[in-house]
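A closer look at the structure
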Amino acid sequence: MLEELKEKVFQANLDLVKHNLVLFTWGNVSGIDREKGLVVIKPSGVSYDDMKASDMVVVDLQTGKVVEGDLNPSSDTPTHLELYRNFPEIGGVVHTHSTYATAWAQAGLDIPSIGTTHADYFHDAIPCTDDMTADMMAEYELNTGVVIVNKFKKDNINYVHTPGVLVKNHGPFTWGKNADEAVYHAVVAEQVAKMAFVSFTVNPNTTMNPLLVEKHFNRKHGPNAYYGQKKK
Ligand SMILES: O=C(CO)[C@@H](O)[C@H](O)COP(=O)(O)O
């Protein structure tokens, strides 16, 4: 079942290792088949060296029940599912503990847009979620997704234009139209987190003109986007 998606999700998980975004098993990638309402995700606690495409676990989008697979799905599965249920245009989700993005998450700070690299991929600051309340702890993984969705709703952030978030005291989640794009955004998020850290070390008052943010974002994603299009 879903052999092609399993292979893609498996390769996307290995790409986390290739891009130095994970140590041990501290990360996970999933992909969704929207028509079938099924999500394919990495198994929990299996080393990337030993993992095979056939180890990927298939879960039901609505119930979270395992539909196929001998191993437990990633412990972060309820978070991935909550994102798929609330962000209908996404096709892949990534979670890592990459160093710089996690440092901003642990500090409880948004990563502000202070460079064109950031603005090319994230229209707004990469937001950091609010604290979870005590009653949310019982369903911690599900509510990790809830605090992400709440943050985007409360601050009116477009999840397509800003495809990532920092979960406070935890780490980054990113998404995209498929698993590959979600990994790509995880790489960019880590890089802009690192560059922002260095920029604020050099100049704690670093800012960026919002007009430059708009220019760069729209050059890649606006109605007249140029980047990657056929020559007119
Ligand atoms: O957030 C965490 C740990 O804090 C997780 O990302 C796990 O480290 C990965 O777990 P599995 O995907 O192997 O269950």
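Residues numbered from 1 in each chain as written. Predicted model: local features only at pLDDT ≥ 70, side-chain atom pairs only at ≥ 80, totals over all residues.

The next subject is the UniProt feature "domain: Class II aldolase/adducin N-terminal" (unreviewed entry) in the protein chain. Per the UniProt record, "domain: Class II aldolase/adducin N-terminal" (unreviewed entry) is annotated on residues 7-197. End-to-end, the C-alpha atoms of residues 7-197 are 35 Å apart, and along that stretch the chain is 37% helix and 17% strand. (UniProt positions renumbered as here; feature names shortened; annotations may be inferred. Helix = DSSP H or I, 4+ residues; strand = E, 2+ residues; numbered from the N terminus.)

This next bit is on the site of the ligand. In the neighbourhood of the ligand, the contacting residues comprise Thr25, Trp26, Gly27, Asn28, Lys42, Ser44, Gly45, Ser74, Ser75, Asp76 and His95. Its residues placed into classes, the shell around the ligand shows 1 nonpolar, 8 polar and 2 charged. (Near = placed C-beta within 6 Å. Nonpolar A, V, L, I, M, F, W, Y, C, P; charged D, E, K, R; others polar.)

Another point: helix H7 (residues 210-221). Each α-helix turn comprises 3.6 residues. Residues three or four places apart therefore point the same way. In a regular helix each residue adds 1.5 Å, so 12 residues correspond to 16 Å; H7 covers 16 Å between its end C-alpha atoms and thus fits that length. Taken residue by residue, H7 has Val213, His216 and Phe217 as its buried positions. One face of H7 carries all of its buried residues, which in axial projection span an arc of 95°. Its buried side turned inward, H7 meets helix H4 (116-121). (Expected span 1.5 Å × (residues − 1). Buried ≥ 20, exposed ≤ 12 C-beta atoms within 10 Å, placed from the backbone. Arc of directions from axis to C-beta. Contact = placed C-beta atoms within 7 Å.)

Turning our attention to the nonpolar core. Generally speaking, a soluble globular protein has its nonpolar side chains buried in company with each other. Residues Val9, Val29, Val93, Leu166, Ala182 and Val183 are the most contacted members of the largest nonpolar core, which totals 48 residues. At 11 residues, the largest contribution of residues to this core is made by helix H6 (residues 179-202). (Core = buried A, V, L, I, M, F, W, Y, C linked by C-beta atoms within 7 Å.)

For the protein chain, mean pLDDT is 96; residues scoring 70 or higher make up 99% of the total. Complex prediction metrics read pTM 0.96 and ipTM 0.95. (pLDDT = per-residue confidence, 0-100.)

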